[in-house]
Amino acid sequence: MTSTQGGQGTTTVTRGLTDARAWARTGTELLLDAVASLDEKDFAAPSVLPGWTRKHLVAHVAANADALGNLVHWAATGERTPMYASAQERAEGIAKGPMLSAGELRAWLTDSARKLTAGLDALSDEQWRSEVVTAQGRTVPATEIPWLRAREVCVHAVDLGTGVVTFADLPKGFLVALVAEIRDRRALPELPDGPLPEVAAWLAGRPHTLTDAPELGPWL
């Protein structure tokens, strides 16, 4: 539970397992809907993230599901299985995107998300409490995995830049939790005034409509 203050007032943030899993499902649905009608030309177009096409972005999200699946395996079996064997492996997953067709990317995104969900569904109460290590080296309980996934699918659904999904389309509870986390990571004493989706976009270093807010580098 976290308290946030600033332009949004004082808000108590509760980010539980049930909420995080619901946000991950919602983000996945938004992402899959956003890519459903993209053709090869659309996929090759730039995403919101500098230097990444939509193919790079979708490959990253699909590879992220596979990587988080490694943490699920770790929690379920006790066998140490890091998200990525190395930084190179992570980079190779992203670079793989432009080499795949639109259909292959959609299939990878869908299948990897389905497998991750199935793995999470199978965890027992005890396994959910197992400790795993994130790609950033943080030791966390397995209950953190759905939140890690929710961030990826929700924020990157916006990053596709198709206009189908914006920060305003993301669940309010997710945005409140995201703002609290990024604000804490960036160690910001105050937040600018403005609508919650725009504050979240600003904090994440994405395009926003806020005025008199200093520019921040990309986060996530």
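Residues numbered from 1 in each chain as written. Predicted model: local features only at pLDDT ≥ 70, side-chain atom pairs only at ≥ 80, totals over all residues. Heavy atoms only, no water.

Student: Any chance you could break down the environment of Val165 for me, citing the residues and the numbers?
Tutor: If you trace the backbone, Val165 turns up in the loop between helix H7 (145-159) and helix H8 (172-186). Under the relative-accessibility criterion, Val165 is labelled buried at 4%. For the pair Val165 and Cys154, spaced 11 residues apart in sequence, the C-alpha separation works out to 9.0 Å. When near neighbours in sequence (up to four residues on either side) are disregarded, Val165 contacts Leu30, Ala34, Ala157, Val158 and Leu170. (Helix = DSSP H or I, 4+ residues; strand = E, 2+ residues; numbered from the N terminus. Buried < 20%, exposed > 50% of the residue type's maximum accessible area, 1.4 Å probe, protein only. Contact = heavy atoms within 4.5 Å.)

Student: Hey, could you go over the side chain of Arg21 for me, with residue numbers and the actual values?
Tutor: Relative to the assigned elements, Arg21 resides in helix H1 (residues 17-36). Residue classification places Arg21 among the buried residues on the basis of a relative accessible area of 17%.

Student: Can you tell me about the nonpolar core, naming the residues and giving the values?
Tutor: For soluble globular proteins, the rule of thumb is that nonpolar side chains tend to be buried together. Membership of the largest hydrophobic core comes to 49 residues, with the highest contact counts inside it found for Trp147, Phe167, Leu170, Phe174 and Leu178. Listed by contribution, the elements that provide at least two residues to this core are H1, helix H3 (54-77), helix H5 (102-121), H7, H8 and helix H9 (196-203). If we ignore the near neighbours within four places in the chain, the residues touching Phe167 are Val155, Val158, Leu175, Leu178, Pro197, Ala200, Ala201, Ala204 and Arg206. In this structure, Ala65, Ala67, Val72 and Ala142 belong to the second largest nonpolar core, which totals 19 residues. (Core = buried A, V, L, I, M, F, W, Y, C linked by side-chain atoms within 4.5 Å.)

Student: Go over the packing of aromatic side chains with me, naming the residues and quoting the values.
Tutor: Across all of its chains, the model carries three aromatic pairs by this definition. With 6.1 Å between their ring centres and 75° between their planes, Trp23 and Phe174 make a pair best called edge-to-face. Separated by 151 residues along the polypeptide, Trp23 in helix H1 and Phe174 in helix H8 bring together distant segments of the chain. Pair check on accessibility: Trp23 and Phe174 agree, each one buried. Pairing Trp147 with Phe174 gives two aromatic rings, centres 5.5 Å apart and planes at 45°, and the pair type is tilted. Within this pair, whereas Trp147 is found in helix H7, its partner Phe174 is found in helix H8, the two being separated by 27 residues in sequence. According to the relative accessible area criterion, Phe174 is buried, its value standing at 0%. One aromatic cluster is present, built from ring pairs that chain together Trp23, Trp147 and Phe174. For Lys96, the ring lying beneath its charged end belongs to Trp108, and the centroid distance is 4.6 Å. (Phe/Tyr/Trp six-rings, centres within 6.5 Å; stacked < 30°, edge-to-face > 60°. Lys NZ or Arg CZ within 6 Å of the ring centre and 35° of its normal.)

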